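# Topology and contacts: notes
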Amino acid sequence: MKRLSDRAAFEQYAAEARARWERLWSEDQWVISVGISGCSIAKGALETYRNLSLHLSEGHIPAVLRQVGCGGWCFAEPFVEVKLPGHPPIVYGWMTTDRVPELLDALRRGDLRPDWALGVRAAGAWHGIPPLTEHPFLRRQRRLLLEHAGIIDPESIEDFIAIGGYRAFLKALFEMTPEEVIAEVKASNLRGRGGAGFPTGIKWESGRRTPARPKYVVVNSHEGEPNVFKDRRLLESNPHLVLEGLLIGCYALETPCGYNYIGGEHALALQRFQRAVEQAYELGLLGDDILGSGFSCHVRIRTGGGAYICGEGSALMYAIMGQRGQPRTKPPRSVEEGLWRRPTVLNNTETFASIPAIIQNGGSWYASLGTKESTGTKLVTMQGPVKYLGVAEIEFGLSMRELIFDVFGGLREGYRLKGIQTGGVSAGPLREDELDVPIDFEALTPLGAMVGSGGFVAFDESVCAVDFARYLVAFSRYESCGKCTPCRLGTPALVEILDRIRHGFGRPEDLDIIQYASKHIIELSLCGLGQVAPMPLLGMLERFRDEFIEHITERRCRAGVCPIAAGEPLSVGR
Amino acid sequence: MEERETARREIDLQPLRRILEERYRPRDHQEAQELVVGACQEAQHLYGWVPPQAAQLIAEHLGVTINRVYGLLTFYADFRTEPPGEHFLWLCHGAACYIAGSQKVVDALRTEYRLGEDGTTSDGLLTVHVFDGCLGACDLAPVAQLDHHEYIGQLDANRLRELVEELRACRRVGSNDETIE
Ligand SMILES: Cc1cc2nc3c(=O)[nH]c(=O)nc-3n(C[C@H](O)[C@H](O)[C@H](O)COP(=O)(O)O)c2cc1C
Ligand code: SF4
Ligand code: FES
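Everything numeric here is computed off the predicted structure, so don't read it as measured data.

Another point: helix 2 (residues 14-23) of chain B. All names here are of chain B. Here helix 2 has its buried residues at Leu16, Ile19 and Leu20. Seen end-on, helix 2 carries its buried residues on one side only, within an arc spanning 100 degrees. Residues of helix 2 that are buried make contact with helix 4 (36-47) and helix 5 (52-62).

Structural data, given as structure tokens:
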């Protein structure tokens, strides 16, 4: 790859990339794309890929075999997209190796196997196959960040540039001042996607205002929560989009120092982002004097190893500095004193990925999406026994009921919805009768629920509210960094009380002790982990109080999950 | 058990040294500190754990104290400072897996296989790590990952028992082969 020296060279490269991209889809050949991502690998996508490669060469089929990222439809993995000459691309789900020869044989006979198709990438139906966008899982989605996920090869910068990538960065670099970039982000009213929903433009502006140098811009791709898997899918499917957002952030802060902190357990995300950075260096979109603009930028990747707390801003910065990732008291805020005690702007992966479209189309365009206070789109994941499990991208304002029953298809047969856990380990659940609330940062708060990072958990009647509360609080206990007492001692106390109840030794006054202890933990803990650790328990207690009381007074667990049901003795453990 | 003792003694530091020299070349002390965790991960990829000799090498190479290295190795859940068993099982205990019953699998493991403090069965066959986050394969919940590549979905206590038996059987076949030779 030749390093591009100026904007004209980039434009020429982009034109060639686009031409090659269009030829790929118009030439008289088969184009077969296989989704290779964390979830599809778990379901055998690599075997599918190898098997396809073997059968294509054995059958002397002139074909281009490509890898792409994840389309979000975990429920249909592994997926294969086939473009035959004269046909639009058709996406097939559940393509395990055993189905590969059958599919290829059928296609050669001219049988498009509509029964295996998820949909066709075309505006209308094609030989009985409906458009992909009409699939129930996709119909209600609004895809900005996932627009090209599952279509481009995430390990190819050329693919990304062919579909318009890095245009926003060039626009910022050559046509806008850093102040103008920040003004657009502010106008968009983009709010942080990592949990708290802090306005991104205001954070960037404070970072810009602090005079000390160097400054740092950091992507938070830690994603250590037990309830969400969106950031890693984004990095696996379109890593350059995140990198482009980071570059724009660095430009806005006028700093050459960008970082991405990626959870060590997300191996493929790490590898693909690493590859993206290497390619950007080779092409001259990273490094010194980018495209002759005078702006330089370097991106470093750092990882941790399985400590949820390292996702907290100040802990993450200590982790990057090679210290134990433990939060510190604020102020000073990170925008004043962060990494290496310099002004640092930290945002979530998804936040950065939202930036290019804002720069490209303008902040007011973005603000027109979603609701008034929660603009734009949000990546959400739904866990539990839902029909269409996966990652979806929705406009804010969709109701929780629509999200569950339309996008994720409701619960699978034989399951009855009991509630939705929101905000992971940081908030409470919603009951079945509370689901008509719109998904937006403000609307969920009065209900003790939260958008958080967008990870929701649907649970059915086989889940016991007491046991689930214990699971969520035990997570916080286990992940507590131990720096401050209310959290270090308070969370185990809550778990102990819950264990007592689960084992049939609960006392009526335990419910008051829970309230009392929770209040202390929430008010006195040093960081976000402790400050919200009791929330899932308080929420469960409020919504499913009769179940708690049943455990205590009748020694009965209606779900049959708790040890009382089996008459097991008290034991402590994880 | 013997294998684990051998693993403890025989560490070839050459591959780690090569990686450190090629890819871990900090420009200043600040960057050196940033690289400690990554270097430890390289060691764990190579050896399956971070042996003391490797920790020492990393400390010397990056110019940090050995205490600093151990401070990090003991902070993060993923690092091992003891050699793992012959096989390594990552058992997901994320929310999707919990809803699908991973707690029962965790309990079965603890009671039936009497795992040691480092999660290793007493015969050294298997090291189990209960993973608090989400493995990212929720559609297969409850899910485990064996030896860093093979996924086992829809896991329950029975399937787990079968798995352990399969691993035991492979081990027996393996040792028979040796006696034939
Ligand atoms: C215990 C804890 C864990 C967190 N984990 C993450 C995480 O994995 N990813 C993330 O983006 N933010 C996480 N956060 C939120 C960050 O502290 C921070 O608010 C966020 O990264 C800022 O980015 P945003 O404004 O784009 O949301 C966590 C917070 C706490 C208290
Ligand atoms: S609240 Fe918990 S996690 Fe946060 S600093 Fe205190 S002990 Fe550590
Ligand atoms: S919670 Fe286990 S794979 Fe997601």
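With that out of the way, let us pick up the environment of Glu434 of chain A. Residues and elements named next belong to chain A. Within the secondary structure, Glu434 is located in the loop between strand 13 (429-431) and strand 14 (455-460). In this structure Glu434 comes out as buried when scored by relative accessible area, which is 17%. Here the alpha-carbon distance between Glu434 and Arg401, two residues 33 residues apart in the chain, equals 8.6 Å. Residues contacting Glu434, with those up to four places away along its chain left out, are Pro429, Leu447 and Arg543. A polar atom in the side chain of Glu434 sits 2.6 Å from the backbone nitrogen of Arg431.

This part is about the site of ligand 2. Neighbouring residues of ligand 2: 13 residues in total, closest Cys481, Lys483, Cys484, Cys487 and Cys527 of chain A. Considering only residue class, the shell around ligand 2 consists of 8 nonpolar, 4 polar and 1 charged.

The next thing to look at is the pattern of salt bridges. Residues and elements named next belong to chain A. All told, the structure shown has 63 salt bridges over all chains when counted by the stated rule. Residue Glu81 is joined to Arg121 by a salt bridge in which the shortest nitrogen-to-oxygen separation is 2.6 Å. In this pair, Glu81 is assigned in strand 3 (residues 80-83) and Arg121 in the loop between strand 5 (117-120) and helix 5 (136-139), connecting sequence segments 40 residues apart.

The next thing to look at is the packing of aromatic side chains. For the structure on display, the rule yields 22 aromatic pairs over all chains. With a centroid separation of 4.3 Å and an interplanar angle of 20 degrees, the aromatic rings of Tyr471 of chain A and Tyr98 of chain B are classed as stacked. Linking Tyr471 of chain A in helix 17 (residues 465-479) with Tyr98 of chain B in helix 7 (residues 95-99), this pair reaches from one chain into another. Take Tyr471 of chain A: its relative accessible area is 5%, and that puts it in the buried class. You can call Tyr98 of chain B buried: its relative accessible area is 6%. Feature note: the residues Phe75, Trp94, Phe137, Tyr388 and Phe408 of chain A constitute an aromatic cluster, connected by ring pairs. Over the ring of Trp116 of chain A we find Arg113 of chain A, and its NZ or CZ is 3.9 Å from the ring centre. In this structure, Lys418 of chain A packs its charged tip against the face of Phe544 of chain A, placed 5.4 Å from the ring centre.

A few words now on the sheet that holds strand 3 of chain A. Residues and elements named next belong to chain A. The mixed open sheet is built from 5 strands, whose spatial order is 2-1-3-4-5. The strands lining the two open edges of the sheet, one partner per strand, are strand 2 (63-68) and strand 5. Within the sheet, the average angular offset between the axes of one strand and its neighbour, ignoring direction, is 20 degrees. When strand 4 (residues 90-92) meets strand 5, the two strands line up antiparallel, connected through 3 bridges. Of the residues in strand 5, the one forming a bridge with Ile90 is Val120.

Our focus in this paragraph is the interface of chain B and chain A. Interface size, as often reported, equals the accessible area lost upon joining of the parts. Opposite the 37 residues of chain B that make contact, chain A presents 55 residues. Contact between chain B and chain A buries roughly 3600 Å² in total, counting both sides, with carbon and sulfur atoms accounting for 53%. The tally of links between chain B and chain A comes to 5 salt bridges. The closest approach of N and O atoms between Arg302 of chain A and Glu34 of chain B, which form a salt bridge, is 2.9 Å. For the interface between chain B and chain A, the tally reads 24 residue pairs in polar contact (both at pLDDT 80 or more). At the level of elements, helix 3 (29-34), helix 4, helix 6 (66-75), helix 7, helix 8 (102-113) and strand 2 (126-131) of chain B are the ones that each hand at least two residues to the side of chain B that touches chain A. Tallying contributions element by element places helix 6 of chain B first for the side of chain B that touches chain A, with 5 residues.

With that settled, consider the pairing of strand 9 (residues 344-348) of chain A. Buried residues dominate strand 9 of chain A, accounting for 5 of its 5 residues. Of the two faces of strand 9 of chain A, the one lined by Thr344, Leu346 and Asn348 of chain A and the one lined by Val345 and Asn347 of chain A are each fully buried.

What follows concerns the environment of Val91 of chain A. Residues and elements named next belong to chain A. When you line up the elements, Val91 lands in strand 4. Since its relative accessible area comes to 0%, Val91 is described here as buried. On a C-alpha basis, the gap between Val91 and Pro343 in space is 46 Å, while along the polypeptide they are 252 residues apart. What Val91 contacts, discounting residues up to four positions off in sequence, is Trp73, Phe79, Val80, Glu81, Trp116, Ala117, Leu118, Gly119, Arg121 and Leu132.

The rules behind the values
Residues numbered from 1 in each chain as written. Chains lettered and ligands numbered in written order. Predicted model: local features only at pLDDT ≥ 70, side-chain atom pairs only at ≥ 80, totals over all residues. Heavy atoms only, no water. Buried < 20%, exposed > 50% of the residue type's maximum accessible area, 1.4 Å probe, protein only. Helix = DSSP H or I, 4+ residues; strand = E, 2+ residues; numbered from the N terminus. Arc of directions from axis to C-beta. Contact = heavy atoms within 4.5 Å. Polar contact = N/O pair within 3.5 Å; in protein donor to acceptor, adjacent residues only side chain to side chain. Near = heavy atom within 4 Å. Nonpolar A, V, L, I, M, F, W, Y, C, P; charged D, E, K, R; others polar. Salt bridge = Lys/Arg side-chain N within 4 Å of Asp/Glu carboxyl O. Phe/Tyr/Trp six-rings, centres within 6.5 Å; stacked < 30°, edge-to-face > 60°. Lys NZ or Arg CZ within 6 Å of the ring centre and 35° of its normal. Pairing = 2+ DSSP bridges. Axes fitted to C-alpha atoms, helices over the stretch in contact; angles between N-to-C directions. Buried area = accessible area lost by both parts, 1.4 Å probe.

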